[in-house]
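Each chain, written out:
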Amino acid sequence: MKTLVAYFSAEGATEKLAKELADRIGADLFVIEPERPYTAEDISYMNPMARCNREKFGNKDVPVIGRVENFEDYELVLLGFPIWYRAAPNVVNTFCKEYDWRGKKTAAFATSGGDGIGKTMEKLQPYTCGTVVDAKLVRTADELVDWAKKLQDA
Ligand SMILES: Cc1cc2nc3c(=O)[nH]c(=O)nc-3n(C[C@H](O)[C@H](O)[C@H](O)COP(=O)(O)O)c2cc1C
C-alpha cells in the first residue's frame, strides 16, 4: 500500500520516530515545516504571550513550506506530531486543509509529555474530511512500526 509519513516535530522526539518508521515500512517522508521555525521562546507555553499560545487560542493557521508531490497517489497517510494542548498542533491542521483526503486511509501517531491520545483523532478529523481511522500515542519505534504495518495490511 503506497504510504506517506508526514510529520511535524518541534523538539525532535516525533522526528526521530517518524524517520525510523518511514525507513522501516518503505514509506515516503514529508516534513511539515512551518514557514517560520519555532524558537525555544515560541514554544514556551508557560508564557501567555508565547507564539504557541497565540496560535492556539487565536485558532490561527500556521503556513507550511512546500507541498507533498503527487499526494493523490498515496493510499495510506500517517500523520505524526507532538501533542500540543491535548490535540494536534495548529500547523498540522493547516497542512491537512491543503489536500483532498477523500478515499485515503489516514491515521495519526503522536508523542507527548505525559497525556494520552485523548480526543486527538476527533479534533483532527474536521481537517481531513473525517477519514482518520486511528490515532495512537507512541513511545518506541517498534510499537509504531507494528501499528503501521497492521494499517498497511488491513
Ligand atoms: C506548546 C506545547 C504544548 C504541549 N502540550 C502538551 C499537552 O497538552 N500534553 C502533553 O502531554 N504534552 C504536551 N506538550 C509536550 C510535547 O507533546 C512533548 O514534549 C512531545 O514529545 C514533543 O515532541 P517533539 O519533540 O517532536 O516536538 C506540549 C509541548 C509544547 C511545546
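Overview of the structure. Please read all numbers here as calculations on a predicted model, not as lab measurements. (Residues numbered from 1 in each chain as written. Predicted model: local features only at pLDDT ≥ 70, side-chain atom pairs only at ≥ 80, totals over all residues.)

1. Topic: the overall build of the protein chain
Item 1. Secondary structure summary: the protein chain contains five helices and five strands in total.
Item 2. Written out in order from the N terminus, the α and β elements of the protein chain read β-α-β-α-β-α-β-α-β-α.
Item 3. For 154 residues, the compact-globule estimate of 2.2 N^0.38 gives 15 Å, and the protein chain sits close to it at 15 Å.
Item 4. Projecting the C-alpha coordinates of the protein chain onto the three principal axes gives extents of approximately 45 × 30 × 25 Å.
Item 5. Counting all 154 residues of the protein chain, 35% fall into the buried class.
Item 6. Taking the contacts inside the protein chain whose residues are at least 6 apart along the sequence as the reference set, 76% of them involve residues at least 24 apart. (Helix = DSSP H or I, 4+ residues; strand = E, 2+ residues; numbered from the N terminus. Rg over C-alpha atoms; globule rule 2.2 N^0.38 Å. Buried ≥ 20, exposed ≤ 12 C-beta atoms within 10 Å, placed from the backbone. Contact = placed C-beta atoms within 7 Å.)

2. Regarding the site of the ligand
Item 1. Close contacts around the ligand come from 20 residues, with E11, T14, P82, G113 and D115 the closest.
Item 2. Looking at the shell around the ligand, its residues break down into nine nonpolar, seven polar and four charged. (Near = placed C-beta within 6 Å. Nonpolar A, V, L, I, M, F, W, Y, C, P; charged D, E, K, R; others polar.)

3. Description of helix α3 (residues 90-97)
Item 1. Here α3 lies mainly inside the structure; six of its eight residues are buried.
Item 2. Close packing links the buried residues of α3 with β1 (3-7), α2 (51-57) and β3 (76-82).

4. Some points on the environment of L17
Item 1. Relative to the assigned elements, L17 resides in helix α1 (residues 13-25).
Item 2. Discounting chain neighbours no more than four positions away, the residues touching L17 are G80, T111, V138, A141 and L144.

5. Describing the nonpolar core
Item 1. Counting 40 residues, the largest nonpolar core has V5, A6, I32, L78, V92 and A108 as its most contacted members.
Item 2. At five residues, the largest contribution of residues to this core is made by β3. (Core = buried A, V, L, I, M, F, W, Y, C linked by C-beta atoms within 7 Å.)

6. Examining the pairing of β3
Item 1. With seven of seven residues buried, β3 lies mostly within the body of the structure.
Item 2. Here β3 shows two buried faces, one formed by L76, L78, G80 and P82 and the other by V77, L79 and F81.
Item 3. Two strands pair when backbone bridges link them, and β1 and β3 are joined in this way by five bridges, in the parallel orientation. Each residue of the ladder has a partner; that of T3, found in β3, is L76.
Item 4. With α3 bridging β3 and its parallel neighbour strand β4 (residues 105-111), the resulting β-α-β unit is right-handed. (Pairing = 2+ DSSP bridges. Right-handed = clockwise from strand over helix to strand, strands pointing away.)

7. What about unusual backbone geometry?
Item 1. The residue N70 is not glycine, and still its phi comes out positive at about 50°.
Item 2. Take N70: it is sitting in the loop between α2 and β3.
Item 3. One non-glycine residue with positive phi stands out, namely R86, at about 60°.
Item 4. In this fold, R86 is placed in the loop between β3 and α3.
Item 5. Here R86 falls in the partly exposed class, since 13 other C-beta atoms lie within 10 Å of it.

8. What to know about the environment of Y45
Item 1. Tracing the backbone through its elements, the reader meets Y45 in the loop between β2 (28-31) and α2.
Item 2. For Y45, a count of 13 C-beta atoms within 10 Å corresponds to the partly exposed category.
Item 3. Sequence separation of Y45 and Y85 is 40 residues, and the distance between their C-alpha atoms is 9.5 Å.
Item 4. Apart from the residues within four sequence positions on either side, Y45 is in contact with A50, C52 and N53.

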